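# Close look at the chain arrangement
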Amino acid sequence: MTTNPTNLQWQVAATPPQDSGQQLDGQDLTIDDLMLRCQEYDAWKRDYEVKASDFRLHPNGRFSVGSSEGLYTLEEAALTQLCARYGKPFFGGALPRDYTRALIEQHPAAYAPILHDHARAYGKSIFLRTYGESVRAFMSDRFTHIDNADVLGILREYLHSPKNGGTYTLVRPYVGRDELSVRVMVRSVLPQEGDGPYGVGCVIRTGEVGNVSPAVLPFIQLHACANSTIWEEGGIKLKQTGDRRNKLMLLIAAMGEALQSCGDLINRMVQAQYEQLPGLDSIIDGMADKFGWGQELTFAVVHGTENERTVAGLVNGITYAAHATGIPAQQAISLELLGGKVLMAKPAYVQQFAR
(Lines give C-alpha, C1' and ligand atoms only; values in the text may rest on other atoms or scores of the structure.)
Protein backbone atom coordinates (compact mmCIF):
# COMPACT_ATOMS: atom_id res chain seq x y z
CA MET A 1 0.00 0.00 0.00
CA THR A 2 1.50 3.35 -1.02
CA THR A 3 0.51 6.45 0.89
CA ASN A 4 3.34 8.71 -0.23
CA PRO A 5 3.70 8.49 -4.02
CA THR A 6 7.05 9.74 -5.27
CA ASN A 7 5.38 12.12 -7.73
CA LEU A 8 3.86 14.19 -4.93
CA GLN A 9 5.84 17.31 -4.06
CA TRP A 10 5.34 19.08 -0.76
CA GLN A 11 7.16 21.12 1.87
CA VAL A 12 6.79 21.32 5.63
CA ALA A 13 5.09 24.55 6.66
CA ALA A 14 6.84 26.87 9.11
CA THR A 15 3.99 26.43 11.59
CA PRO A 16 1.39 23.66 11.95
CA PRO A 17 -1.48 24.21 9.48
CA GLN A 18 -4.82 24.95 11.13
CA ASP A 19 -7.92 22.97 10.22
CA SER A 20 -10.55 25.35 8.83
CA GLY A 21 -13.29 22.71 8.86
CA GLN A 22 -14.09 23.52 5.23
CA GLN A 23 -14.31 21.24 2.24
CA LEU A 24 -11.76 21.48 -0.56
CA ASP A 25 -12.78 23.55 -3.57
CA GLY A 26 -12.19 22.72 -7.21
CA GLN A 27 -13.89 20.88 -10.04
CA ASP A 28 -10.88 18.76 -11.01
CA LEU A 29 -9.52 17.63 -7.66
CA THR A 30 -7.65 14.33 -7.66
CA ILE A 31 -6.80 11.84 -4.96
CA ASP A 32 -3.22 13.15 -5.11
CA ASP A 33 -4.47 16.63 -4.19
CA LEU A 34 -6.04 15.15 -1.06
CA MET A 35 -2.85 13.30 -0.21
CA LEU A 36 -0.87 16.51 -0.45
CA ARG A 37 -3.24 18.18 2.00
CA CYS A 38 -2.95 15.17 4.30
CA GLN A 39 0.86 15.33 4.23
CA GLU A 40 0.81 18.99 5.24
CA TYR A 41 -0.83 17.93 8.51
CA ASP A 42 1.08 14.68 8.93
CA ALA A 43 4.44 16.45 8.98
CA TRP A 44 3.48 17.79 12.43
CA LYS A 45 2.09 14.59 13.92
CA ARG A 46 3.82 12.16 16.26
CA ASP A 47 2.54 9.10 18.12
CA TYR A 48 3.77 7.60 21.42
CA GLU A 49 2.81 4.33 23.06
CA VAL A 50 4.06 4.56 26.63
CA LYS A 51 3.15 3.64 30.18
CA ALA A 52 0.64 6.05 31.66
CA SER A 53 3.14 6.98 34.36
CA ASP A 54 5.58 8.12 31.62
CA PHE A 55 3.23 10.97 30.76
CA ARG A 56 4.12 13.64 33.30
CA LEU A 57 2.91 17.11 34.16
CA HIS A 58 5.74 19.56 34.81
CA PRO A 59 5.68 22.54 37.20
CA ASN A 60 5.54 24.83 34.14
CA GLY A 61 2.11 23.41 33.21
CA ARG A 62 3.28 21.41 30.22
CA PHE A 63 3.61 17.65 29.72
CA SER A 64 6.48 15.39 28.77
CA VAL A 65 6.26 11.94 27.17
CA GLY A 66 8.82 9.44 28.41
CA SER A 67 12.34 10.43 27.37
CA SER A 68 11.12 12.79 24.66
CA GLU A 69 12.59 16.26 24.88
CA GLY A 70 9.39 17.96 23.74
CA LEU A 71 6.90 19.56 26.11
CA TYR A 72 3.22 19.59 25.20
CA THR A 73 -0.01 21.28 26.12
CA LEU A 74 -3.18 19.20 26.37
CA GLU A 75 -6.04 19.89 23.97
CA GLU A 76 -9.61 19.78 25.29
CA ALA A 77 -10.54 16.49 23.58
CA ALA A 78 -7.38 14.84 24.93
CA LEU A 79 -8.08 16.18 28.42
CA THR A 80 -11.57 14.67 28.30
CA GLN A 81 -10.06 11.32 27.32
CA LEU A 82 -7.45 11.54 30.10
CA CYS A 83 -10.12 12.29 32.69
CA ALA A 84 -12.24 9.36 31.53
CA ARG A 85 -9.34 6.90 31.84
CA TYR A 86 -7.67 8.18 35.00
CA GLY A 87 -10.93 8.53 36.90
CA LYS A 88 -12.06 4.91 36.62
CA PRO A 89 -9.73 3.39 39.27
CA PHE A 90 -10.81 6.05 41.79
CA PHE A 91 -14.45 6.86 41.07
CA GLY A 92 -15.63 4.35 38.49
CA GLY A 93 -16.18 7.41 36.29
CA ALA A 94 -14.35 10.41 34.91
CA LEU A 95 -12.31 13.00 36.77
CA PRO A 96 -14.07 16.40 36.73
CA ARG A 97 -12.72 17.89 33.50
CA ASP A 98 -13.07 21.61 34.22
CA TYR A 99 -11.57 21.18 37.69
CA THR A 100 -8.68 19.17 36.27
CA ARG A 101 -8.02 21.82 33.64
CA ALA A 102 -7.98 24.54 36.30
CA LEU A 103 -5.46 22.58 38.40
CA ILE A 104 -3.20 21.96 35.39
CA GLU A 105 -3.20 25.64 34.42
CA GLN A 106 -3.21 27.32 37.84
CA HIS A 107 -1.45 24.87 40.19
CA PRO A 108 0.69 22.54 38.03
CA ALA A 109 3.46 22.05 40.61
CA ALA A 110 0.98 20.93 43.27
CA TYR A 111 -1.14 18.86 40.91
CA ALA A 112 1.72 17.05 39.14
CA PRO A 113 2.24 14.36 41.85
CA ILE A 114 -1.52 13.81 42.19
CA LEU A 115 -1.90 13.29 38.46
CA HIS A 116 1.09 10.93 38.53
CA ASP A 117 -0.65 8.87 41.24
CA HIS A 118 -3.73 8.67 39.01
CA ALA A 119 -1.54 7.43 36.16
CA ARG A 120 0.03 4.72 38.30
CA ALA A 121 -3.40 3.62 39.51
CA TYR A 122 -4.59 3.40 35.92
CA GLY A 123 -1.64 1.06 35.41
CA LYS A 124 -1.94 0.57 31.65
CA SER A 125 -0.17 1.81 28.58
CA ILE A 126 -1.56 4.72 26.63
CA PHE A 127 -1.41 5.78 22.99
CA LEU A 128 -0.72 9.50 22.66
CA ARG A 129 -1.15 11.45 19.45
CA THR A 130 0.49 14.86 19.22
CA TYR A 131 0.32 17.73 16.74
CA GLY A 132 2.96 20.40 16.90
CA GLU A 133 3.31 21.22 20.59
CA SER A 134 -0.01 19.80 21.77
CA VAL A 135 -1.44 16.39 22.66
CA ARG A 136 -4.49 15.92 20.46
CA ALA A 137 -5.55 12.45 21.69
CA PHE A 138 -5.06 10.39 24.84
CA MET A 139 -6.10 6.91 23.71
CA SER A 140 -6.14 3.39 25.08
CA ASP A 141 -3.28 1.16 23.96
CA ARG A 142 -5.98 -0.99 22.31
CA PHE A 143 -6.87 1.81 19.88
CA THR A 144 -6.54 0.65 16.27
CA HIS A 145 -5.55 3.77 14.41
CA ILE A 146 -6.71 3.95 10.80
CA ASP A 147 -5.35 7.29 9.73
CA ASN A 148 -6.16 9.75 6.98
CA ALA A 149 -3.09 8.65 5.04
CA ASP A 150 -4.09 4.97 5.32
CA VAL A 151 -7.56 5.65 3.93
CA LEU A 152 -6.32 7.85 1.09
CA GLY A 153 -3.72 5.23 0.19
CA ILE A 154 -6.22 2.40 -0.18
CA LEU A 155 -8.66 4.73 -1.94
CA ARG A 156 -5.97 5.67 -4.45
CA GLU A 157 -5.22 2.02 -5.17
CA TYR A 158 -8.91 1.24 -5.59
CA LEU A 159 -9.56 4.16 -7.94
CA HIS A 160 -6.53 3.41 -10.12
CA SER A 161 -7.12 -0.34 -10.29
CA PRO A 162 -7.85 -1.87 -13.75
CA LYS A 163 -11.48 -2.34 -12.67
CA ASN A 164 -12.04 1.40 -12.26
CA GLY A 165 -9.49 2.77 -14.68
CA GLY A 166 -8.91 5.93 -12.71
CA THR A 167 -12.24 7.52 -13.72
CA TYR A 168 -13.86 9.23 -10.75
CA THR A 169 -15.09 12.55 -9.39
CA LEU A 170 -14.41 13.86 -5.90
CA VAL A 171 -17.44 15.62 -4.45
CA ARG A 172 -16.66 18.30 -1.86
CA PRO A 173 -13.93 16.26 -0.11
CA TYR A 174 -12.81 17.17 3.38
CA VAL A 175 -9.32 16.31 4.63
CA GLY A 176 -8.82 17.78 8.07
CA ARG A 177 -6.20 17.45 10.74
CA ASP A 178 -7.98 14.71 12.69
CA GLU A 179 -10.51 13.26 10.24
CA LEU A 180 -11.57 13.01 6.64
CA SER A 181 -14.76 12.45 4.67
CA VAL A 182 -14.33 11.87 0.95
CA ARG A 183 -17.27 11.34 -1.44
CA VAL A 184 -16.13 9.49 -4.55
CA MET A 185 -18.50 9.31 -7.52
CA VAL A 186 -17.54 6.61 -10.02
CA ARG A 187 -20.45 6.33 -12.47
CA SER A 188 -23.87 7.64 -13.46
CA VAL A 189 -27.20 5.80 -13.44
CA LEU A 190 -30.42 6.78 -15.23
CA PRO A 191 -33.42 5.17 -13.50
CA GLN A 192 -36.51 4.26 -15.52
CA GLU A 193 -38.54 6.71 -13.45
CA GLY A 194 -37.75 9.79 -11.43
CA ASP A 195 -35.68 12.88 -12.12
CA GLY A 196 -32.25 11.31 -12.71
CA PRO A 197 -29.54 10.87 -13.81
CA TYR A 198 -27.80 10.12 -10.55
CA GLY A 199 -24.13 9.84 -9.79
CA VAL A 200 -23.31 6.88 -7.55
CA GLY A 201 -20.33 6.10 -5.39
CA CYS A 202 -19.16 5.81 -1.82
CA VAL A 203 -18.17 8.03 1.07
CA ILE A 204 -15.07 6.91 2.92
CA ARG A 205 -14.46 8.30 6.40
CA THR A 206 -12.07 7.95 9.29
CA GLY A 207 -11.01 9.78 12.44
CA GLU A 208 -7.58 9.76 14.06
CA VAL A 209 -8.54 10.66 17.62
CA GLY A 210 -11.55 8.44 18.25
CA ASN A 211 -13.93 11.04 16.84
CA VAL A 212 -15.11 9.24 13.65
CA SER A 213 -15.34 5.49 13.12
CA PRO A 214 -13.72 4.26 9.88
CA ALA A 215 -16.55 3.67 7.42
CA VAL A 216 -17.45 3.17 3.77
CA LEU A 217 -21.01 4.27 2.98
CA PRO A 218 -23.00 4.40 -0.28
CA PHE A 219 -24.16 7.76 -1.61
CA ILE A 220 -26.06 9.10 -4.58
CA GLN A 221 -26.02 12.57 -6.07
CA LEU A 222 -28.68 14.05 -8.27
CA HIS A 223 -26.68 15.72 -11.06
CA ALA A 224 -29.28 18.43 -11.57
CA CYS A 225 -28.76 19.94 -8.11
CA ALA A 226 -25.56 18.40 -6.64
CA ASN A 227 -27.42 17.14 -3.54
CA SER A 228 -25.65 14.16 -1.96
CA THR A 229 -27.58 11.60 0.09
CA ILE A 230 -25.61 9.14 2.25
CA TRP A 231 -27.02 5.87 3.61
CA GLU A 232 -25.20 4.96 6.80
CA GLU A 233 -26.97 1.62 7.37
CA GLY A 234 -26.18 0.52 3.81
CA GLY A 235 -22.43 0.59 4.35
CA ILE A 236 -19.85 -0.68 6.82
CA LYS A 237 -18.56 1.00 9.97
CA LEU A 238 -15.65 -0.40 11.98
CA LYS A 239 -14.75 -0.31 15.66
CA GLN A 240 -11.25 0.97 16.28
CA THR A 241 -9.99 -2.06 18.14
CA GLY A 242 -8.57 -5.29 16.74
CA ASP A 243 -6.16 -6.14 13.95
CA ARG A 244 -5.31 -3.04 11.95
CA ARG A 245 -4.47 -4.79 8.69
CA ASN A 246 -7.74 -6.74 8.69
CA LYS A 247 -9.66 -3.50 9.23
CA LEU A 248 -7.98 -1.91 6.23
CA MET A 249 -8.80 -4.94 4.07
CA LEU A 250 -12.44 -4.66 5.13
CA LEU A 251 -12.54 -1.05 4.00
CA ILE A 252 -11.15 -1.98 0.60
CA ALA A 253 -13.77 -4.70 0.14
CA ALA A 254 -16.55 -2.37 1.27
CA MET A 255 -15.91 0.10 -1.56
CA GLY A 256 -17.24 -2.28 -4.18
CA GLU A 257 -20.09 -3.43 -1.96
CA ALA A 258 -21.24 0.14 -1.35
CA LEU A 259 -21.95 0.58 -5.04
CA GLN A 260 -24.43 -2.30 -4.90
CA SER A 261 -26.40 -0.45 -2.22
CA CYS A 262 -26.66 2.68 -4.38
CA GLY A 263 -29.33 0.95 -6.47
CA ASP A 264 -31.50 0.63 -3.36
CA LEU A 265 -31.02 4.35 -2.65
CA ILE A 266 -32.10 5.35 -6.15
CA ASN A 267 -35.13 3.06 -6.16
CA ARG A 268 -36.17 4.44 -2.80
CA MET A 269 -35.73 8.03 -4.00
CA VAL A 270 -38.02 7.37 -6.98
CA GLN A 271 -40.66 5.93 -4.63
CA ALA A 272 -40.26 8.83 -2.18
CA GLN A 273 -41.31 11.31 -4.86
CA TYR A 274 -44.86 9.98 -4.52
CA GLU A 275 -45.03 9.88 -0.71
CA GLN A 276 -46.88 13.00 0.41
CA LEU A 277 -46.00 15.07 3.50
CA PRO A 278 -48.82 17.61 3.83
CA GLY A 279 -47.42 18.78 7.20
CA LEU A 280 -43.95 19.46 5.79
CA ASP A 281 -43.59 22.92 7.37
CA SER A 282 -44.36 21.54 10.81
CA ILE A 283 -41.92 18.66 10.29
CA ILE A 284 -39.10 21.02 9.28
CA ASP A 285 -39.75 23.25 12.29
CA GLY A 286 -39.64 20.22 14.58
CA MET A 287 -36.41 18.96 13.02
CA ALA A 288 -34.87 22.41 13.42
CA ASP A 289 -35.63 22.25 17.15
CA LYS A 290 -34.39 18.68 17.48
CA PHE A 291 -31.09 19.16 15.63
CA GLY A 292 -30.38 22.76 16.58
CA TRP A 293 -30.60 24.29 13.13
CA GLY A 294 -30.28 28.05 13.03
CA GLN A 295 -32.50 30.32 10.98
CA GLU A 296 -30.23 30.38 7.93
CA LEU A 297 -29.93 26.60 7.81
CA THR A 298 -33.68 26.10 8.31
CA PHE A 299 -34.43 28.54 5.49
CA ALA A 300 -32.01 26.63 3.25
CA VAL A 301 -33.84 23.37 3.98
CA VAL A 302 -37.17 24.97 3.09
CA HIS A 303 -35.71 26.46 -0.09
CA GLY A 304 -34.15 23.14 -1.10
CA THR A 305 -37.49 21.34 -1.01
CA GLU A 306 -38.60 23.47 -3.99
CA ASN A 307 -42.09 23.28 -2.47
CA GLU A 308 -42.25 19.53 -3.12
CA ARG A 309 -44.26 18.37 -0.11
CA THR A 310 -43.04 14.79 -0.28
CA VAL A 311 -40.41 12.62 1.41
CA ALA A 312 -38.14 13.21 -1.59
CA GLY A 313 -38.70 16.96 -1.25
CA LEU A 314 -37.66 16.89 2.40
CA VAL A 315 -34.57 14.81 1.59
CA ASN A 316 -33.59 17.25 -1.15
CA GLY A 317 -34.11 20.18 1.24
CA ILE A 318 -31.86 18.68 3.91
CA THR A 319 -29.12 17.67 1.50
CA TYR A 320 -29.30 20.99 -0.35
CA ALA A 321 -28.66 22.84 2.92
CA ALA A 322 -25.58 20.66 3.47
CA HIS A 323 -23.71 22.22 0.56
CA ALA A 324 -25.43 25.60 0.06
CA THR A 325 -24.78 27.32 3.38
CA GLY A 326 -21.00 27.13 3.89
CA ILE A 327 -21.30 25.16 7.13
CA PRO A 328 -18.32 23.11 8.41
CA ALA A 329 -17.68 19.82 6.64
CA GLN A 330 -18.56 17.76 9.71
CA GLN A 331 -22.01 19.35 9.93
CA ALA A 332 -22.54 18.97 6.18
CA ILE A 333 -21.86 15.23 6.38
CA SER A 334 -24.27 14.96 9.32
CA LEU A 335 -27.02 16.55 7.22
CA GLU A 336 -26.36 14.21 4.30
CA LEU A 337 -26.50 11.24 6.66
CA LEU A 338 -29.77 12.58 8.04
CA GLY A 339 -31.07 12.86 4.49
CA GLY A 340 -30.27 9.18 3.95
CA LYS A 341 -31.98 8.22 7.19
CA VAL A 342 -35.12 10.19 6.29
CA LEU A 343 -35.18 8.59 2.84
CA MET A 344 -34.71 4.98 3.88
CA ALA A 345 -36.88 5.12 7.02
CA LYS A 346 -40.00 6.17 5.04
CA PRO A 347 -42.64 8.66 6.20
CA ALA A 348 -43.19 7.25 9.69
CA TYR A 349 -39.74 8.44 10.80
CA VAL A 350 -40.27 12.10 9.94
CA GLN A 351 -43.82 12.34 11.27
CA GLN A 352 -42.45 12.18 14.82
CA PHE A 353 -40.91 15.63 14.37
CA ALA A 354 -44.17 17.37 13.44
CA ARG A 355 -45.16 20.03 15.95
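For the structure, check the block above.
Take helix H3 (residues 97-106) next. Taken together, the buried positions of H3 are occupied by Thr-100, Arg-101, Leu-103 and Ile-104. Down the axis of H3, the buried side of the element spans an arc of 160°, and every buried residue falls inside it. Exposed residues pointing more than 90 degrees away from the buried face of H3 are listed as Asp-98, Tyr-99, Glu-105 and Gln-106. Buried residues belonging to H3 abut strand E2 (55-57), strand E3 (63-65), strand E4 (73-74), helix H2 (76-91) and helix H4 (108-122).

Take the packing of aromatic side chains next. Summed over all chains, the structure comprises 10 aromatic pairs. Between Phe-291 and Phe-353, the aromatic rings sit 5.7 Å apart at their centres with planes inclined by 50°, giving tilted as the arrangement. Separated by 62 residues along the polypeptide, Phe-291 in helix H7 (residues 280-291) and Phe-353 in the segment after helix H11 (347-351) bring together distant segments of the chain. Take Phe-291: its relative accessible area is 35%, and that puts it in the partly exposed class. Through a chain of ring-to-ring contacts, the aromatic side chains of Phe-55, Phe-63, Tyr-86, Tyr-122 and Phe-138 assemble into a single cluster.

Moving on to the nonpolar core. Met-287, Trp-293, Leu-314, Ile-318, Leu-335 and Val-342 are the most contacted members of the largest nonpolar core, which totals 36 residues. Among the secondary structure elements, those contributing two or more residues to this core are strand E9 (198-207), strand E10 (215-222), helix H6 (244-272), H7, helix H8 (295-304), helix H9 (311-324), helix H10 (329-345) and H11. In terms of residue count, the dominant contributor to this core is H9 (7 residues). In this view, Leu-335 contacts Trp-293, Leu-297, Ile-318, Ala-321, Ala-322 and Ile-327; residues no more than four positions away in its chain are not counted. Leu-155, Val-175, Val-182 and Val-184 belong to the second largest nonpolar core, which has 31 residues in total.

The rules behind each value
Residues numbered from 1 in each chain as written. Predicted model: local features only at pLDDT ≥ 70, side-chain atom pairs only at ≥ 80, totals over all residues. Heavy atoms only, no water. Buried < 20%, exposed > 50% of the residue type's maximum accessible area, 1.4 Å probe, protein only. Helix = DSSP H or I, 4+ residues; strand = E, 2+ residues; numbered from the N terminus. Arc of directions from axis to C-beta. Contact = heavy atoms within 4.5 Å. Phe/Tyr/Trp six-rings, centres within 6.5 Å; stacked < 30°, edge-to-face > 60°. Core = buried A, V, L, I, M, F, W, Y, C linked by side-chain atoms within 4.5 Å.

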